[in-house]
Protein chains: 2
Amino acid sequence: MINRLVIIGVGLVGGSLALALRQSGYCREVIGVGRDRSSLQRAQALGVVDRSELDACAAVRGADMVVLATPVGAIESVCRSLRGCLDEKAILTDVGSVKGAVVEAVQAGLGMLPARFVPAHPIAGRERSGVEAATAELYQGRRVILTPLPGGDPEACESVRGMWEAAGAVVENMAVGHHDEVLAATSHLPHLLAYTLVSSLSRLDEQEEIFRYAAGGFRDFTRIASSDPVMWRDICLHNKGPILDMLKHFGRDLATLGEAIDAGDGDRLLSIFQRAKQTRDRFCD
Amino acid sequence: MINRLVIIGVGLVGGSLALALRQSGYCREVIGVGRDRSSLQRAQALGVVDRSELDACAAVRGADMVVLATPVGAIESVCRSLRGCLDEKAILTDVGSVKGAVVEAVQAGLGMLPARFVPAHPIAGRERSGVEAATAELYQGRRVILTPLPGGDPEACESVRGMWEAAGAVVENMAVGHHDEVLAATSHLPHLLAYTLVSSLSRLDEQEEIFRYAAGGFRDFTRIASSDPVMWRDICLHNKGPILDMLKHFGRDLATLGEAIDAGDGDRLLSIFQRAKQTRDRFCD
Ligand SMILES: NC(=O)c1ccc[n+]([C@@H]2O[C@H](COP(=O)([O-])OP(=O)(O)OC[C@H]3O[C@@H](n4cnc5c(N)ncnc54)[C@H](OP(=O)(O)O)[C@@H]3O)[C@@H](O)[C@H]2O)c1
Ligand SMILES: NC(=O)c1ccc[n+]([C@@H]2O[C@H](COP(=O)([O-])OP(=O)(O)OC[C@H]3O[C@@H](n4cnc5c(N)ncnc54)[C@H](OP(=O)(O)O)[C@@H]3O)[C@@H](O)[C@H]2O)c1
């Protein structure tokens, strides 16, 4: 149970967590913090938070759980405004899509890494963002990855795990660097391919026609190119190494495919496509 | 109305056309042709065709409409077996995903291009293939592109249009070469990206883990990598030029993105992502 939960950044991810925890009765009070009064008022009107604050430092006093749910690029400045404000027993966590850079940002912002800071990343999302897109069901059955830091407080880690389980999620632990590599492969690379494809096609002369003949497969394939550009800029800026590695790995394989097409090497093409189909059919149903 | 329809290759695409036309009462009799007796028997048992034949030449006698619905790579040999067999008034059409190569294959196989040959491509499909995956609804509201040849018989073209409209489709005309360029962009390139991504990830050491953390976005993004490898090998072999052009165009844009990430150029990244999101939101809902 959480007595006072503070969500800093009440958008899709933070708002959905607040809704899920309120609905399950897992926390007594939810306070929303933001930089913009009108969006906080909408959050309150939608029943996502009990009350709201523009002053993060004032808001976190007396809180037992503080969740950083702004874009990753805002975390350092938010943490700077929290210097000296957190109660000693307060647990600090986040929802950022990258973990190494968030740990650095918290350290830089607060001037230290609190033992009760537990980095976390819910593997759930939608293309729409903002508090209007928040739903209590977003995390139902979805994975949340915790990346506890060496020397961190195990009890804080258990509390963050309990919070996500109350929101319906399945929680697992991973090392920070490993998280960033796995997510670069499984999430960041696909998003970058979808964005590049649509932007690439949009520069062709026949773009109107091209999109007119796009069938269902194309819609599904490019759905993630409708994701929030600010969030994805931040992810690229903050997970540079692993993303560049994956782009290189993919680029090499795409070049190999091009060579097989150029050479008319049907056997090679068939074996690439078969391997991909087998892998996907095995992992996704 | 069609009196006797012959479908050569009673799989997903040919079988779905047969089902739709039988259901709408648009044709009196459907004959299925294939190379394998057992799959033809399944087609008959499923009510997709009235009767079936292994001998294509015998099957097409007396037919007023003959549809080539095998993989593209089989069209030339199928047409060779049809030399001298088609009635003078018979209309010949196909469903191949590429058009330039099909026209060449028909010409090579028959030794000439009949005036009543109308190349066609239904923009509809599924990841599953074979006659078991066929449904009468596959073409409902979907586009079919006809690529009539210079000097072709306009009446034959109208008949093929009428057939697809009876199956529920919206029919449009396009030049052969233009079809192959548009489809390279809108369908072939996305499939190759999806196949390459999955095959690329499947070669990483952490592949088990990677696919375990793949969320909904990844499933949608890679769905088309579950498509039929033989069909996609044939498409690559038979639409080489336009596909290689698109791969080059995309490869350059992906390299530019990599450079922006490497340089930490947030403004450039944001503008690429915004352009893509705007384009996709405009064309797909
Ligand atoms: N969307 C996903 O699919 C997904 C999935 C997993 C994790 N994440 C992570 O979740 C975090 C939030 O993403 P989201 O999708 O929830 O985005 P969102 O819907 O845009 O929400 C972000 C919230 O942060 C607020 N905010 C922005 N800058 C701020 C600042 N400087 N100070 C205080 N509040 C600020 C925004 O409020 P105003 O703009 O109204 O001020 C908004 O309420 C990101 O770190 C992202 O990496 C996202
Ligand atoms: N699937 C799509 O998304 C899609 C969309 C638009 C157009 N197309 C085009 O439609 C055509 C068929 O694709 P599909 O998805 O329907 O494939 P499919 O389900 O595998 O059907 C192909 C059919 O052709 C038969 N066949 C194969 N080789 C043959 C040969 N040498 N002689 C006679 N029959 C032969 C197969 O029968 P057996 O193997 O049992 O002998 C099978 O019944 C392809 O040209 C493809 O480019 C496909």
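Residues numbered from 1 in each chain as written. Chains lettered and ligands numbered in written order. Predicted model: local features only at pLDDT ≥ 70, side-chain atom pairs only at ≥ 80, totals over all residues. Heavy atoms only, no water.

Per an unreviewed UniProt entry, chain A goes by the name prephenate dehydrogenase and belongs to Acidihalobacter yilgarnensis. According to the UniProt record, the Sequence similarities (unreviewed entry) comment for chain A is "Belongs to the prephenate/arogenate dehydrogenase family." What UniProt states about chain A under its Pathway (unreviewed entry) heading is, verbatim, "Amino-acid biosynthesis; L-tyrosine biosynthesis; (4-hydroxyphenyl)pyruvate from prephenate (NAD(+) route): step 1/1." (UniProt positions renumbered as here; feature names shortened; annotations may be inferred.)

A. Region of interest: the sheet that holds strand β9 (residues 170–173) of chain A. All names here are of chain A. Pairing within the open sheet is mixed, and its 3 strands lie in the order β7-β8-β9. One side of each edge strand has no neighbouring strand; the edge strands of this open sheet are β7 (120–122) and β9. Strand-to-strand twist across the sheet, computed as the mean angle between neighbouring axes with direction ignored, equals 20°. Note: strand β8 (residues 143–146) against β9, 4 bridges, orientation parallel. Directly across from Arg143, in β9, lies its bridge partner Val170. (Pairing = 2+ DSSP bridges. Helix = DSSP H or I, 4+ residues; strand = E, 2+ residues; numbered from the N terminus. Axes fitted to C-alpha atoms, helices over the stretch in contact; angles between N-to-C directions.)

B. The site of ligand 1, seen in detail. Residues and elements named next belong to chain A. Neighbouring residues of ligand 1: 25 residues in total, closest Leu12, Val13, Arg35, Ser97 and Gly130. A distance of 3.3 Å is found between an oxygen atom of ligand 1 and a backbone nitrogen or oxygen belonging to Gly11. Contacts to ligand 1 include Leu12, whose backbone N or O atom sits 2.8 Å from an oxygen atom. Coverage of ligand 1 by the protein amounts to 84% of the 900 Å² it exposes when considered alone. Counted by class, the shell around ligand 1 contains 12 nonpolar, 10 polar and 3 charged residues. (Near = heavy atom within 4 Å. Polar contact = N/O pair within 3.5 Å; in protein donor to acceptor, adjacent residues only side chain to side chain. Areas by Shrake-Rupley, 256 points an atom, 1.4 Å probe, with all protein chains shown as cover. Nonpolar A, V, L, I, M, F, W, Y, C, P; charged D, E, K, R; others polar.)

C. Spatial organisation of the packing of aromatic side chains. In this structure the tally under the stated criterion is 9 aromatic pairs over all chains. Ring centres 4.3 Å apart and planes at 20° place the aromatic pair Tyr195 of chain A and Phe273 of chain B in the stacked group. Separated into two different chains, Tyr195 of chain A in helix α7 (residues 176–202) and Phe273 of chain B in helix α12 (residues 266–283) make up a pair that spans both. For the pair Tyr195 of chain A and Phe273 of chain B, a shared accessibility class is recorded, and that class is buried. Between the NZ or CZ atom of Arg143 of chain A and the centre of the ring of Tyr213 of chain B, over which it lies, the distance is 5.6 Å. (Phe/Tyr/Trp six-rings, centres within 6.5 Å; stacked < 30°, edge-to-face > 60°. Buried < 20%, exposed > 50% of the residue type's maximum accessible area, 1.4 Å probe, protein only. Lys NZ or Arg CZ within 6 Å of the ring centre and 35° of its normal.)

D. Representation of the relation of the copies chain A and chain B. Between the two copies, chain A and chain B, the superposition gives an RMSD of 0.0 Å; the rotation angle is 180° and the shift along the axis is 0.0 Å. These values place the two chain copies in the arrangement generated by a two-fold rotation axis. Across chain A, the smallest distance between a C-alpha and the rotation axis is recorded for Phe221 of chain A, namely 2.1 Å. Here 100% of the interface residues in chain A have copies in chain B that are interface residues too; the copies meet face to matching face. (Least-squares fit on C-alpha atoms with pLDDT ≥ 70 in both. Contact = heavy atoms within 4.5 Å.)

E. How the structure looks around the site of ligand 2. All names here are of chain B. Every one of the 25 residues lining ligand 2 counts as a neighbour, but Leu12, Val13, Arg35, Ser97 and Gly130 are closest to it. The separation between an oxygen atom of ligand 2 and a polar main-chain atom of Leu12 is 2.8 Å. Here an oxygen atom of ligand 2 sits 2.9 Å away from a polar atom, N or O, in the main chain of Thr70. Burial of ligand 2 by the protein amounts to 84% of the accessible area it has alone, namely 890 Å². Among the secondary structure elements, those contributing two or more residues to the shell around ligand 2 are α1 (12–23) and β7 (120–122). Class assignment of the residues belonging to the shell around ligand 2 gives a composition of 12 nonpolar, 10 polar and 3 charged.

F. Structural detail: α7 of chain A. All names here are of chain A. Taking 1.5 Å as the rise per residue, α7 with 27 residues should run 39 Å; its terminal C-alpha atoms sit 36 Å apart, in good agreement. Of all the bends found along α7, the most pronounced is centred on Ala184 and spans about 50°. With 24 of 27 residues buried, α7 lies mostly within the body of the structure. (Expected span 1.5 Å × (residues − 1). Bend = angle between axes of the 7 residues up to and from the residue.)

G. Seen up close, the side chain of Ser199 of chain B. Relative to the assigned elements, Ser199 of chain B resides in helix α7 (residues 176–202). By relative accessible area, which is 8% here, Ser199 of chain B ends up buried. Apart from the residues lying within four places of it in its own chain, the contact partners of Ser199 of chain B are Ile272, Arg275 and Ala276 of chain A.

H. Spatial organisation of the packing of helix α12 (residues 266–283) of chain A against α7 of chain B. One way to put it is that α12 of chain A packs onto α7 of chain B with a least axis distance of 8 Å and a crossing angle of 70°. Put simply, α12 of chain A runs roughly perpendicular to α7 of chain B. Facing Ile272, Phe273, Arg275, Ala276, Thr279 and Arg280 of chain A of α12 of chain A, the residues of α7 of chain B in contact are Leu192, Tyr195, Val198, Ser199 and Ser202 of chain B. Here the contact of α12 of chain A with α7 of chain B is built from residues that sort into 6 nonpolar, 3 polar and 2 charged. (Parallel < 35°, antiparallel > 145°, perpendicular 65-115°, else oblique.)

I. Just the packing of α7 of chain B against helix α10 (residues 229–238) of chain B, in detail. Residue and element names in this part refer to chain B. At a closest axis distance of 11 Å, the pairing of α7 and α10 adopts a crossing angle of 125°. As judged from the angle between their axes, α7 and α10 are oblique. Crossing geometry of α7 relative to α10 is assigned as left-handed. Each of Ser187, His188, His191, Leu192 and Tyr195 in α7 lies in contact with α10, whose residues at this interface are Pro229, Trp232, Ile235 and Cys236. Taken together, the residues of the contact of α7 with α10 break down into 6 nonpolar, 3 polar and no charged. (Left-handed = near helix turned anticlockwise from the far one by under 90°.)

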